[in-house]
Amino acid sequence: MDSPQNSPPHDSSPQNPRLELPAAAVEEAPREPILTLPLALTAYIVLLAVIHLRMLLPPELENWTIDVFGFIPKRYDSSLLNLEIPGGGGAKVWTFVTYSLLHANLTHLGFNVLWLLPFGSALARRFGAVRFFLFLAVTAAAGALAHLVTHEHAVAPMIGASASVSGAMAAAIRFAFVRGSFLSFSRSDADTAARVPALPLSRALRDGRVVGFLAVWFGVNIIFGVGAIGVDSETTSVAWQAHIGGFFAGLLLFALFDPVPRVRNDAADASSQDVSDRI
């Protein structure tokens, strides 16, 4: 910090209370960036953005990409022997995940990234890169399965990462409201907030904040259906069932991926108390 101009000479005598401090003592503490993303989440967002450059391809090739890597329920309909869908037998396997890497437009991509920033960031810090990517793949597959069950004969490809985003949100609320975590009133630093012990599922479903979050989330998805989109040449529709499939997978399978040790129910009750409980 620069010293003032024309300051009086230093006087160390007791009569002069104005003693200069060492430069290190008055140096400002380093400021953390407003938004810091873990490497795994940054890599995932960059991957989504790079893949979205397919929009620059000629229309025929871009449509082929969606047909080969998008999730098409009709692909699994054995009664349609004469229907040829690009991708062959392999597409019946990889499209359970690859559809989640494609987006209809920048708005679609932007919404998913926006929701990922808080919830995906906390989850990536907690899980680490390998668990995080595997979790996204599993919740994407769960979303595709839910879409397949409810759209058995659909021809329109489904694309979008929102089943995985929904799964990340569901997993994150298992610990988000615990004291010290990222949605609590007594939040710690980002790494510590992401690694607080999670609530057991039975305890989480009795927490009013978790129940409120669930109600709002389901309401938004059913009424507005923002997220995964089914696309064909004439219509664009919201595949909200895929959101719900990914969400339930994230909520129920969270414990299989979570590396942070469990706590007893009574300890979880104590640790989940927040400043807001005393206001």
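Bear in mind that the values here come from a model prediction, so they are computed numbers and not experimental data.

Visitor: What is the right way to look at the overall build of the protein chain in this model?
Guide: Tallying secondary structure elements over the protein chain gives 12 helices and 3 strands in all. Buried positions account for 42% of the 279 residues belonging to the protein chain.

Visitor: Got a minute to help me understand the pattern of salt bridges in this structure?
Guide: When charged atoms on two side chains of opposite charge get close, those side chains can pair. Across all of its chains, the model carries 3 salt bridges by this definition. The closest approach of N and O atoms between Arg-209 and Asp-207, which form a salt bridge, is 3.1 Å.

Visitor: It is not clear to me how the nonpolar core should be interpreted in this structure. Could you clarify?
Guide: Most often, soluble globular proteins have nonpolar side chains that are buried together. Ranked by internal contacts, the top residues of the largest apolar core, which has 43 residues, are Leu-123, Phe-132, Ile-173, Phe-175 and Phe-182. Mapped onto this core, the elements with two or more residues apiece are α2 (39–52), α5 (106–127), α6 (129–150), α7 (162–172), α10 (208–223) and α11 (240–257). The element that contributes the greatest number of residues to this core is α5, accounting for 8 residues. Once you skip the residues sitting within four places of it in the chain, Phe-132 turns out to touch Ala-40, Leu-41, Gly-120, Leu-123, Ala-124 and Phe-127. The next biggest cluster of nonpolar side chains, apart from the first, holds 10 residues, and it includes Phe-96, Ala-140, Ala-163 and Ala-239.

Visitor: Help me out: how do you make sense of the packing of aromatic side chains in this one?
Guide: When we look at a pair of aromatic rings, we describe it by the centre distance and by the angle of the planes. Taken as a whole and judged by the stated rule, the model has 16 aromatic pairs. A centroid spacing of 5.3 Å and a plane angle of 90 degrees characterise the contact between Phe-135 and Phe-257, whose relative ring orientation is edge-to-face. You can see Phe-135 sitting in helix α6 and its partner Phe-257 sitting in helix α11, a full 122 residues away along the chain. With relative accessibility at 10%, the residue Phe-257 sits in the buried group. A centroid spacing of 4.9 Å and a plane angle of 85 degrees characterise the contact between Trp-217 and Phe-218, whose relative ring orientation is edge-to-face.

Visitor: Just to check I follow, could you spell out a nonpolar patch on the surface for this structure?
Guide: Residues Val-46, Val-50, Leu-53 and Leu-56 make up a contiguous nonpolar surface patch of about 410 Å² in total accessible area. With respect to the helices and strands, the residue Val-50 is situated in helix α2. By relative accessible area, which is 49% here, Val-50 ends up partly exposed.

Visitor: What should I look at first to understand the environment of Ala-204 in this one?
Guide: Positionally, Ala-204 belongs in helix α9 (residues 201–204). With relative accessibility at 1%, the residue Ala-204 sits in the buried group. Between the C-alpha atoms of Ala-204 and Phe-177, which are 27 residues apart in sequence, the distance is 9.3 Å. In this structure, Ala-204 is in contact with Arg-174, Leu-199 and Val-210, ignoring residues within four places of it in sequence.

Visitor: How should I be thinking about helix α3 (residues 59–69) in this particular structure?
Guide: Since the α-helix advances by 3.6 residues per turn, residues separated by three or four positions end up pointing in the same direction. Among all positions of α3, only Glu-62, Thr-65, Ile-66 and Val-68 are buried. Packed against the buried residues of α3 are α4 (91–98) and β1 (158–159).

Visitor: Got a minute to help me understand the side chain of Asp-258 in this structure?
Guide: If you trace the backbone, Asp-258 turns up in the loop between α11 and α12 (265–271). Other than its neighbours up to four places away in sequence, Asp-258 contacts Arg-126, Phe-127 and Ala-198.

Visitor: Any chance you could explain the confidence of the model for the protein chain here in plain terms?
Guide: Mean pLDDT over the protein chain works out to 78, with 72% of the residues at or above the 70 mark. Every residue in residues 266–272 is under pLDDT 50, and counting partners more than four places away or in other chains gives 14 contacts. Every residue in residues 274–279 scores below 50 in pLDDT, and together they form 11 contacts with partners more than four places removed in sequence or on other chains.

Visitor: Where do I start with the packing of α6 against α7 in this structure?
Guide: Geometrically, a packed helix pair is captured by the angle between its two axes and the distance between the axes. Two elements in contact, α6 and α7, have axes whose closest approach is 8 Å; the angle formed by their N-to-C orientations is 115 degrees. The interaxial crossing formed by α6 with α7 has right-handed handedness. Touching Phe-135, Leu-136, Thr-139, Ala-140 and Gly-143 of α6 are Ala-163, Ser-164, Gly-167, Ala-168 and Ala-171, all from α7. Of the residues assigned to the contact of α6 with α7, the class counts are 6 nonpolar, 4 polar and no charged.

Definitions and limits used
- Residues numbered from 1 in each chain as written.
- Predicted model: local features only at pLDDT ≥ 70, side-chain atom pairs only at ≥ 80, totals over all residues.
- Heavy atoms only, no water.
- Helix = DSSP H or I, 4+ residues; strand = E, 2+ residues; numbered from the N terminus.
- Buried < 20%, exposed > 50% of the residue type's maximum accessible area, 1.4 Å probe, protein only.
- Salt bridge = Lys/Arg side-chain N within 4 Å of Asp/Glu carboxyl O.
- Core = buried A, V, L, I, M, F, W, Y, C linked by side-chain atoms within 4.5 Å.
- Contact = heavy atoms within 4.5 Å.
- Phe/Tyr/Trp six-rings, centres within 6.5 Å; stacked < 30°, edge-to-face > 60°.
- Patch = residues over 30% accessible without salt bridge, like charges linked within 9 Å, V, L, I, M, F, W, Y side chains within 5 Å.
- Areas by Shrake-Rupley, 256 points an atom, 1.4 Å probe, with all protein chains shown as cover.
- pLDDT = per-residue confidence, 0-100.
- Axes fitted to C-alpha atoms, helices over the stretch in contact; angles between N-to-C directions.
- Left-handed = near helix turned anticlockwise from the far one by under 90°.
- Nonpolar A, V, L, I, M, F, W, Y, C, P; charged D, E, K, R; others polar.

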